[in-house]
Amino acid sequence: MKNKQYLFGAFISYFAIFFNIIAGLVYIPWMVGKIGQSNYALYTLANTFISLFLVDFGLSSAVSRFVAKYRAEGREEKASDLLGIVTKLYLCIDAIIFTILLVVYFFISKIYKGLTADEIELYKKLYVIVATYSVISFPFMPLPGVINAYEKFVPLKLCDLGQKVLTILLVVAALLNNMDVIAVVSANAISGLVFIVIKLIIIRVTTPVKYKFNVKNNQLLKEIFGFSIWVTVISLAQRCIFNLAPTILGILSTSKEIALFAPASSLEGYFYTIAAAVNGMFLAKISKYIADDKEEKILDLMIKVGSYQFVLLGLIMVGFISLGHDFMILWMGKDYVGAWPCAILLFIPDILLFSQQIANTTAIAKNKVKEMSFGYIGMAIVSIAMSFILCKKYGAFGSAIAITLAYSVLFICLNIIYYKHLHLNVFEFFKKCYMKFIPSLALSGALGYFISNKIINIHGWSGLIVKGIIVCALYFVCVLVIGFNKKDRNNILNFIKIKLHKKESN
C-alpha cells in the first residue's frame, strides 16, 4: 500500500505539473493581455513582497520532521501535542506579521520609487488583499507537513492539483467578465482558503492527529526551537533570492524589467515544481532507515533518485536551450525574448540541487539544519550583493546572474556538509550521476540547438512541436548510448520486453 502511495503520489504530482504548465502556457499570456504588462508586474510584486514576511520560523519543517520521527519510533501520540504547541506559536507570530505588514503599507510609495503614482495606488489595493489572505492562512502552514509525514501523498497531491485548477477557473471567469487584476489576486486567495479547509478535513479523517491547545511541554518546545531556529535562517535566506529579486528591480530599475523577470521566474517555478515533485515523499523512509540503523541504504537511494531526477530535468534543460528563443516569442511575444537566457541561468541551480534532494532530506531527518543554514546565509549575501551591483545596468538578466552565482555558493557548501556531517560519499554520487550523464546532456544540447536553429526552418507552434520531438529523440539516444552503461541498457530493454509481452498476452 505504501509503495502505491509513492507511485500514485508521484503520478498525481507530475500530472498536476504538466496541467499547470499547459494551463500557464495558455492562460498566462492571455491574462497578461487582459490586465496589461504594468498590472502583471504589480501582481507579481504584491505576491513576492508579501511572502518576504511569511517566514514560518522553521515550524512547518519541524512539524514534518518530528511527526515522521515519532511515527518511526512508535510514539504517534506525541504528534497531537506537537501540533497544538506549534499552532499556538504560529498565532503569536501571525500577530507580529500583521503589525509589520500594516506599518509597511504606509511606506509603499517611499519604497517603490520606480513606480508611477497610478501604479502605487493600484499596488496598495493588491497589497491589502494579499496581506489579508496571508495573515489568515499563515497559522495553517503545518498542514501539508502533517499529511506528508503520514505518507498520505495521494490526497495531498490532489489538493495541490485542485487548488491550481480552482485558481485558474476563477481567474478565467473573472477576466471573461471584464474584471481587473484585483479579481485575479482575489481568485488566488479564495482558492487557497478553500483548500485549507479541505486539508483540515483530511487530517481529521485520515490521521490520529488532533489539535491540543492545552498542552504544556517545555522539553518538546525546546526540541522544536532547537530545530526550527536554523530552518528559520534558511527560510529567510531563501526569501532573499526570488522573492526579493522583483523588489530590487523595483528599486533600481523599472516595472518593465520586473515584467521581464516574471516569466523567467515562472518558468523556473515550473522547473522547480517538476524537480520537487517527489520532495518530502522520502522523509518517512529515511527516518525509518536512521531509526533502524540502516543508513548505508541512503547513498543507494540518493544515486537512484538523483539519476532519475537529473535525466528528467536534463531533458527539460536541453529542450529549453534548443527551443527557448522560439518558445518565448510564441508564448509571451517578442518583448519577452530576454526572459529566455534568464530562465536558462535560473534552471542551472535547480538541476544540481534537486538531484541531491535525498541528501537534503537526510540532513533534515538527522537535524543538521544548523550546518546547512550557513550555506544559505552565504547564498543570500552573494545574491543581494550581486543583485545591487548587476540589476541597475543589466536589469532582469543581472538579477538572473546574481541568483545563479548565489546558488552555486550554496551547492558547494551543502556538498561539504553532506560529506563531512552526513558521511555520504558525494564523490561516488558525482561519479554515478553527474559524470555519467553530463556528457550526454552537453552533446544533445549542442546538437539540439544547432539542428533547431540552423537546419530546421519551420515556424509557429507546429514548428516548435516538430523541433521538440526531434530534440527529445536526440536526447534519449545520447542518454542511452553515452549515459547508460551496457547493464543499464539491458535492464531497460528487458523491462520494455516484459511490458510488451504482457500487452500481447492480454
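Residues numbered from 1 in each chain as written. Predicted model: local features only at pLDDT ≥ 70, side-chain atom pairs only at ≥ 80, totals over all residues. Heavy atoms only, no water.

1. Description of the overall build of the protein
Rule in force here: Counting from the N terminus, the helices are DSSP H or I runs at least four residues long and the strands are E runs at least two residues long. Relative accessibility thresholds used throughout: buried, under 20% of the residue-type maximum; exposed, over 50%; partly exposed, between the two (1.4 Å probe, protein chains only). Pairs of residues are marked as contacts when any of their non-hydrogen atoms sit within 4.5 Å.
The helix and strand inventory of the protein stands at 20 helices and zero strands. Buried residues in the protein amount to 53% of all 506 residues. Contacts in the protein between residues far apart in sequence, at least 24 positions, make up 83% of those at least 6 positions apart.

2. Some points on the nonpolar core
Counted only if it meets this: Nonpolar cores were defined as sets of buried Ala, Val, Leu, Ile, Met, Phe, Trp, Tyr and Cys residues, with membership established by side-chain atoms within 4.5 Å.
By size, the foremost hydrophobic cluster in this structure holds 155 residues, and its most contacted members are Met31, Tyr123, Leu267, Phe320 and Met328. In contact with Phe320, not counting residues within four places along its chain, are Leu267, Phe327, Met328, Trp340, Ala343, Ile344 and Phe347.

3. What to know about the side chain of Ser137
In plain terms, the rule: Contacts described as polar in this section are N or O atom pairs within 3.5 Å, which, within protein, must combine one atom able to donate a hydrogen with one able to accept it, while residues neighboring in sequence count only if both atoms come from side chains.
Locating Ser137 in the fold gives a position in helix H6 (residues 117–137). Judged by relative accessible area, which is 12%, Ser137 ranks as buried. Here Ser134 takes part through its backbone oxygen, which lies 3.4 Å from a polar atom of the side chain of Ser137.

4. Details of the environment of Val337
Within the element layout of this structure, Val337 appears in the loop between helix H14 (296–331) and helix H15 (339–353). On the basis of relative accessibility, which here comes to 18%, the residue Val337 falls in the buried class. If we ignore the near neighbours within four places in the chain, the residues touching Val337 are His325, Met328 and Ile329.

5. Description of unusual backbone geometry
Look at Asn178: it is not a glycine, yet its phi comes out positive at around 65 degrees. Non-glycine residue His423 carries a positive phi angle of around 60 degrees. For His423, the position within the fold is in the loop between helix H17 (369–420) and helix H18 (426–455). By relative accessible area, His423 is classed as exposed at 64%.

6. Observations concerning the packing of helix H16 (residues 357–365) against H17
Heads up, the condition is: Simply put, an axis is a line fit to the C-alpha atoms, just over the touching stretch for a helix, and the angle between two N-to-C directions goes from 0 to 180 degrees. Oblique is the label for any angle not covered by the other classes, which are roughly parallel (under 35 degrees), roughly antiparallel (over 145) and roughly perpendicular (65 to 115). Note on convention: the crossing is left-handed when the near helix lies turned anticlockwise from the far helix by less than a right angle, right-handed when the turn is clockwise. Polar here means any residue outside two lists: the nonpolar Ala, Val, Leu, Ile, Met, Phe, Trp, Tyr, Cys and Pro, and the charged Asp, Glu, Lys and Arg; Gly therefore counts as polar.
The contact between H16 and H17 brings their axes to 10 Å, and the two run at 55 degrees. As far as their axial angle goes, H17 and H16 are oblique. Of the two elements, H16 crosses H17, and the hand of that crossing is left-handed. Listed contacts from H17 to Ala359, Asn360, Ala363 and Ile364 of H16 are Val369, Met372, Tyr376 and Tyr418. Taken together, the residues of the contact of H16 with H17 break down into seven nonpolar, one polar and no charged.

7. Digging into the pattern of salt bridges
So the rule is basically this: We define a salt bridge as a contact between a side-chain nitrogen of Lys or Arg and a carboxyl oxygen of Asp or Glu at a distance within 4 Å.
The tally for this structure, following the rule as stated, stands at two salt bridges. A salt bridge links Lys467 to Asp326, with the nearest nitrogen and oxygen atoms 3.0 Å apart. Note that Lys467 is positioned in helix H19 (residues 460–483) and Asp326 in helix H14, a separation of 141 residues in sequence. Between Glu428 and Lys432 there is a salt bridge, with the nearest N and O atoms lying 3.0 Å from each other.

8. As for a nonpolar patch on the surface
Note the following rule: Exposure above 30% relative accessible area and the lack of any salt bridge qualify a residue for a patch; like charges then connect within 9 Å, and the nonpolar side chains Val, Leu, Ile, Met, Phe, Trp and Tyr within 5 Å. A 1.4 Å probe and the Shrake-Rupley method give the accessible areas. Residues count as covered only by the protein chains that appear here.
A surface patch of nonpolar side chains, amounting to about 470 Å² of accessible area, comprises Leu443, Leu447, Val477, Leu480, Val481 and Ile482. Only H18 and H19 provide two or more residues apiece to the nonpolar patch. The dominant element in the nonpolar patch, judged by the number of residues it contributes, is H19, at four residues. Looking at where Ile482 falls in the secondary structure, it is placed in helix H19. Ile482 sits in the partly exposed class, given a relative accessible area of 39%.

9. Quick notes on the packing of helix H11 (residues 245–252) against H17
For any two helices packed against each other, one specifies the inter-axial angle together with the distance between the axes. Between H11 and H17, the least distance of the axes is 10 Å, while the angle of their chain directions is 165 degrees. Of the possible angle classes, the one that applies to H11 and H17 is roughly antiparallel. Taken as a pair, H11 and H17 cross one another with a handedness that is left-handed. Contacts between H11 and H17 involve Ala245, Ile248, Leu249 and Leu252 on the former and, on the latter, Ser387, Phe388, Cys391, Lys392, Gly395, Ala396, Ser399 and Ile403.

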